[in-house]
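# Structural characterization, general
For reference, the chains in residue letters:
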Amino acid sequence: QVQLVESGGGLVQAGGSLRLSCAASGRTFSGYAMAWFRQAPGKEREFVARINRSGDMKSYEDSVKGRFTISRDNAKNTADLQMNSLKPEDTAVYYCAADWGGIYTRSPLEYEYWGQGTTVTVSS
């Protein structure tokens, strides 16, 4: 079993920055592609960013491209999401997820493990 724990959420003013971190248990972290999703009140869970196993391929949802950066450190079993130029519409619960499959996907159904979520609130 893989356990994922997110941290780093909080309250920030528009234009500010936050760095979210996902800490994974176990020794199989490097075998998973990692992704961040978010879910705002009343909305479906939305893909935010994905990074492959080796960390050399990244993808982003259009609305965060250029503002958010996903990264990973396989030696530390962590995956981070650096969020800059935050907007009120970024307000959501952010979830870290792990995918053993080798094919790129934005679908939450393809991710085997999930963290508990960390709340990001951006005030205007």
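Going by the structure above, here's the rest.
None of the values given here were measured: they were computed from a predicted structure.

## Brief notes about the layout of surface pockets
- Taken as a whole, the largest pocket holds about 160 Å³ of empty space.
- In terms of lining, the largest pocket is formed by Ala33, Arg50, Asn52, Arg53, Met57, Lys58, Ser59, Gly102, Ile103 and Tyr104.
- Residue classes in the lining of the largest pocket are distributed as four nonpolar, three polar and three charged.

## As for the sheet that holds strand S1 (residues 4-7)
- Spatially, the four strands line up as an open sheet ordered S1-S3-S8-S7, and their pairing is antiparallel. Among the strands making up the open sheet, the edge pair consists of S1 and strand S7 (68-73). Adjacent strand axes in the sheet meet at a mean angle of 15°, parallel and antiparallel pairs treated alike.
- Note that strand S3 (residues 18-24) and strand S8 (residues 78-83) share six bridges and pair antiparallel. The partner of Leu20 across the bridge, within S8, is Leu81.

## Concerning the nonpolar core
- Membership of the largest hydrophobic core comes to 30 residues, with the highest contact counts inside it found for Leu4, Met34, Trp36, Leu81, Met83 and Tyr94.
- Of all the secondary structure elements, the ones that give two or more residues to this core are S3, strand S4 (33-39), strand S5 (46-51), S7, S8, strand S9 (92-99) and strand S11 (118-123).
- If sequence neighbours within four positions are ignored, Met34 has contacts with Leu4, Cys22, Phe29, Ala49, Arg50, Ile51, Ile70, Arg72, Ala79, Cys96, Ala97 and Ala98.
- In this structure, Phe37, Phe47, Ala97 and Tyr111 belong to the second largest nonpolar core, which totals five residues.

Quick notes on the rules
- Residues numbered from 1 in each chain as written.
- Predicted model: local features only at pLDDT ≥ 70, side-chain atom pairs only at ≥ 80, totals over all residues.
- Heavy atoms only, no water.
- 1 Å grid on protein atoms, 1.4 Å probe; cavity = no way out; pocket = protein on both sides within 12 Å on 5 of 7 lines; lining within 4 Å.
- Points joined across faces, edges and corners; volume = space filled by probe spheres on them.
- Nonpolar A, V, L, I, M, F, W, Y, C, P; charged D, E, K, R; others polar.
- Pairing = 2+ DSSP bridges.
- Helix = DSSP H or I, 4+ residues; strand = E, 2+ residues; numbered from the N terminus.
- Axes fitted to C-alpha atoms, helices over the stretch in contact; angles between N-to-C directions.
- Core = buried A, V, L, I, M, F, W, Y, C linked by side-chain atoms within 4.5 Å.
- Buried < 20%, exposed > 50% of the residue type's maximum accessible area, 1.4 Å probe, protein only.
- Contact = heavy atoms within 4.5 Å.

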